[in-house]
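Working through the structure, step by step
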Amino acid sequence: MTVINYTNAAVYNHDKQDFVFNQHIVVDEETGKIIEVGSGSATSRSYDRIVDFHGQFVMPGLMNIHTHITDMPTYWWQSGKEKRHPDSREMCTMFAIRNMADAIANGVTYIRNVGAEFDIDIEIKKMQEKGWIKGPKVMTSGRSFSITGGHDSLSSYEVDGVEEVRKGVRQALKNGVDNIKMMVTGGVLKKGETPDEIQFTAPEARVAVCEAHNKGKTAAAHAQGNAGIKEAIAAGFDTIEHAFDIDDEAIAMMKDHGTIIVPTMNAMYAIYNSGRGVVPDWARDKVVLNIRKHFASISKAVQAGIPIAMGTDAGTPFNGFQNESAYELQLYVEKAGMTTAQAIDTATINSAKAMHVDQEYGRIAAGNYADFIVTTKNPIKDIKVLQGDKDVYQNGQRVHAQTTAEQVIGSRVSEKIRAIF
Ligand SMILES: [Zn+2]
């Protein structure tokens, strides 16, 4: 066993909402876990090597809990149209492998994928675990669930009625998914529907959650309009994705149920800023109509103390797997009123809690996996630091070093989606 003692580090501490200086982190490379974190450089344990982290800021790796690894965001503007047929299994697999590599190179060490063509994320997860491909750890949902002709029905399981939902969810669980994703309302990137439209009925939503929870799995609801959000909260979904229109009643319900929100603000922002003439008008019009309401809704949830976990909807137009996760945090600070520490928490401890992996992820703490990112500037002082160069460690191994070509390309992607309002 090789034990590394990283010394002199500034380490992010969730309880203090800040970095604590002059810390050491002792990592066992064999288990990939942190075995000790503390002040100063002295440790009672023996170690094989010392790495001096003087002047470096260490925080947990980013955890993006709303991704679509089988979608390639550039493909949208190359095709320039609504997709009429799903991409092939081979293309989706290639997209997934590329997206996985981009994600880890940009500091994303864990993702929850919430809708994958052909259940490809289940196989991608296995490949990542075996070390055959680079990428973050993956929590899978396989294909999502939609009503017949509903949101994302092209690549989802189409199910109608309580018994079809029950059968479908049980089949997905049999296939090995970690999470169930259900399209409770309409959405943006589908013609002929609106975010306010309720698609699954309350009993259909409820049975999906019950079947998932019965097997100890989580359930995520795509829910945008107000009534659909409330239906999803009442059904018991662990996370509400997007949440365009939260009111006081929804907030009270979320507090009751312990519901977590996954905002995916960059999905809207990227189409708003870059989508004109590329993303179909019927889709961009829905973004223009809803974006201010959406951002106000997330701000209201932040003010009310509803837990927020970071998700970008990566894979949607102009919204990929490079610096977008870090950029999402900037949006939380600038458009949703979070402190920089609150924004960091969304992508670390809150995401870990939403995925039910907070015993081993989301903090720099003994017993946790040594999945962390290292920057030379302080992200608490400026959240944009996270979009710059960083070292990325996974299971105690450095899997990406600062200042590479990928990093430069990554920052260019973010440049394209800068502020307009
Ligand atoms: Zn999505």
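Scroll up a little and you will see the structure.
Notes on the structure follow.

Reading guide: rules and limits
Residues numbered from 1 in each chain as written. Predicted model: local features only at pLDDT ≥ 70, side-chain atom pairs only at ≥ 80, totals over all residues. Pairing = 2+ DSSP bridges. Helix = DSSP H or I, 4+ residues; strand = E, 2+ residues; numbered from the N terminus. Axes fitted to C-alpha atoms, helices over the stretch in contact; angles between N-to-C directions. Contact = placed C-beta atoms within 7 Å. Parallel < 35°, antiparallel > 145°, perpendicular 65-115°, else oblique. Left-handed = near helix turned anticlockwise from the far one by under 90°. Nonpolar A, V, L, I, M, F, W, Y, C, P; charged D, E, K, R; others polar. Buried ≥ 20, exposed ≤ 12 C-beta atoms within 10 Å, placed from the backbone.

1. Quick notes on the sheet that holds strand 7 (residues 108-113)
Strand order across the open sheet formed by three strands is 6-7-8, with parallel pairing between neighbours. The sheet is open, and its two edges are formed by strand 6 (62-67) and strand 8 (137-139), each paired on a single side. The average undirected angle you get between the axes of adjacent strands in this sheet is 20 degrees. Strand direction decides the pairing type here: strand 6 and strand 7, joined by four bridges, are parallel. By the bridge assignment, Asn64 is partnered in strand 7 with Ile111. Running at roughly 150 degrees to strand 8, helix 3 (residues 120-130) makes contact with strand 7 and strand 8 of the sheet.

2. With respect to the packing of helix 2 (residues 89-105) against helix 3
Between two packed helices, the angle of one axis relative to the other and the distance separating the axes together describe the packing. Interhelical geometry of helix 2 versus helix 3 gives an angle of 45 degrees and a closest axis separation of 11 Å. Here helix 2 lies oblique to helix 3, going by the angle between them. At the point where helix 2 passes helix 3, the crossing takes the right-handed sense. Mapping the contact onto sequence places Cys92, Thr93, Ala96 and Met100 in helix 2 and Ile120, Ile124 and Gln128 in helix 3. Across the contact of helix 2 with helix 3, the residue classes tally to five nonpolar, two polar and no charged.

3. A short note on the environment of Glu164
You can see Glu164 is positioned in helix 4 (residues 162-175). With 44 residues separating them along the chain, Glu164 and Ala208 place their C-alpha atoms 10.0 Å apart.

4. Some details on unusual backbone geometry
With phi around 60 degrees, Asp152 is a residue other than glycine that occupies positive phi space. Asp152 gets classed as partly exposed once you count the C-beta atoms within 10 Å, which come to 19.

5. Here's the deal with the environment of His400
Mapped onto the elements of the fold, His400 is located in strand 17 (residues 397-400). For the pair formed by His400 and Gly107, sequence separation is 293 residues and the distance between their alpha carbons is 8.3 Å. Leave out the neighbours within four places in its chain, and His400 touches Ile104, Ala105, Asp391 and Val392.

The quantities given are spatial measurements derived from coordinates; they are silent on function.
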